[in-house]
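Structural overview for review
So you can see what is in the structure, the chains are spelled out below.
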Amino acid sequence: MNSEALYIVVPAYREAGVIAGTVAGLLSVCPNVVVVDDGSADATAENACAAGAAVVRHPVNLGQGAALQTGIVYAVQQGARFIATFDADGQHRPQDIAAMLQTLKADGLDIVLGSRFLGEAEDLPPLRRMVLKAAVLFTRLTTGLKVTDTHNGLRVMTADAARQLNLVQDRMAHASEMLAQIAALKLAYKEVPVTVSYSPYSLQKGQRLSGAFRVLADLVIGWLAR
Amino acid sequence: MIKLLLLVFLVLVAIYVLMQRSTSTALRIAIEVLLVLGAYFVVAPEQATAVAHALGVGRGTDLILYTWIIVTFAVVLVLYLKVVAMNRTITQLARSLALSHVRHPTDPAAAKPSPEPGS
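It should be emphasised that the depicted structure is a prediction, and the values quoted were computed from it without experimental measurement.

Moving on to the overall build of chain A. The helix and strand tally for chain A stands at nine helices and seven strands. Computed over the C-alpha atoms, the radius of gyration of chain A is 16 Å, within 12% of the 17 Å expected from 2.2 N^0.38 for a compact globule of 226 residues. With respect to the principal axes defined by its C-alpha atoms, chain A has extents near 45 × 40 × 35 Å. A burial count over chain A gives 52% of its 226 residues as buried. Taking the intrachain contacts of chain A between residues at least 6 apart in sequence as the baseline, contacts between residues at least 24 apart amount to 74%.

Okay, here's the thing in structure tokens:
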């Protein structure tokens, strides 16, 4: 792949233990890795920098959506032609990015979304599967997008699409917000199968059921605050 | 005695609202009308009961309580939306601050976040 033009954005909060491994894995497929440390009190920023990533650090904790948007703005400023987003906790596979970028270029798309339900969801607990499926149903009803996985942190987009997206949902409602914007902007999108591996670490870091209600509340408030 | 106290309080609020230049004229007029209505019900509470009966509520005090609850919810919602707007401003500030001190792995000198004017 033409890796010079690709930037990989990794939002991270309190990931000091795993961030170096994630960055190392990404640097093996692309030289431009930017970790957005969302105001962690631990050594996330230091470890990411030592592992070879550019580090943008929020002075205070703002949320994953804010971190993603910051990383995307940074990548665009750096002259990226393509931007990937990737979770810090090691649940994605770096080699999936190459295939997604290939699809993006070959099909002339604006954005390619990873889907664990088209691909592999390793050791996904039943309750989490139910919440994710409910989110998919919600997104299909509210945006009309025929997606199978709405909360997958692995995405590859063009710089042009990145410039049009503007995430203002700072916390976890950004995933729904991004899909709503993809629908509103009529971006050409496609889902491709990716493998998501659930480790005890990623499960402990992940969202609880209560998070889904927080997301719903954030979406309603975001709609009112427009 | 309590009526006098309430009326003095309402007059003070009315003066305060009149001085709020930054609030929109429409909102200030609406609040003044509500205050005059409140003063009227202080002077003639039986009128509040008459209105309550017309609306199917037992007593004037109950009507005022229900109205107050609704107004309180509306105020909480408006204040929360202001908090959301403020948080968005904070996010923008934090983002531009973060983007002005990026640490590059090849450049250890940039590791210390020191504010550089114009950077």
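Having seen the model, we can carry on.
How big an interface is tends to be stated in terms of the accessible area lost upon association of its parts. The interface of chain B with chain A comprises 18 residues on the first partner and 24 residues on the second. The junction of chain B with chain A conceals about 1800 Å² of combined surface from both sides, 66% of it contributed by carbon and sulfur atoms. Three residues stand out in chain B for area buried against chain A, namely R88(B), R95(B) and R103(B), and they jointly supply 35% of the buried area on that side. On the surface where chain B and chain A come into contact, there are one salt bridge. Residue E46(A) is joined to R103(B) by a salt bridge in which the shortest nitrogen-to-oxygen separation is 3.8 Å. Counting the contacts that link chain B with chain A gives four residue pairs in polar contact (both at pLDDT 80 or more). In terms of residue class, the side of chain B that touches chain A is made up of 11 nonpolar, four polar and three charged.

Per-residue confidence for chain B gives a mean pLDDT of 87; residues scoring 70 or more make up 88%. For the stretch residues 109-119 of chain B, pLDDT sits under 50, and the model shows eight contacts to residues farther than four places along the chain or on other chains.

Rules used in this analysis
Residues numbered from 1 in each chain as written. Chains lettered and ligands numbered in written order. Predicted model: local features only at pLDDT ≥ 70, side-chain atom pairs only at ≥ 80, totals over all residues. Heavy atoms only, no water. Helix = DSSP H or I, 4+ residues; strand = E, 2+ residues; numbered from the N terminus. Rg over C-alpha atoms; globule rule 2.2 N^0.38 Å. Buried < 20%, exposed > 50% of the residue type's maximum accessible area, 1.4 Å probe, protein only. Contact = heavy atoms within 4.5 Å. Buried area = accessible area lost by both parts, 1.4 Å probe. Salt bridge = Lys/Arg side-chain N within 4 Å of Asp/Glu carboxyl O. Polar contact = N/O pair within 3.5 Å; in protein donor to acceptor, adjacent residues only side chain to side chain. Nonpolar A, V, L, I, M, F, W, Y, C, P; charged D, E, K, R; others polar. pLDDT = per-residue confidence, 0-100.

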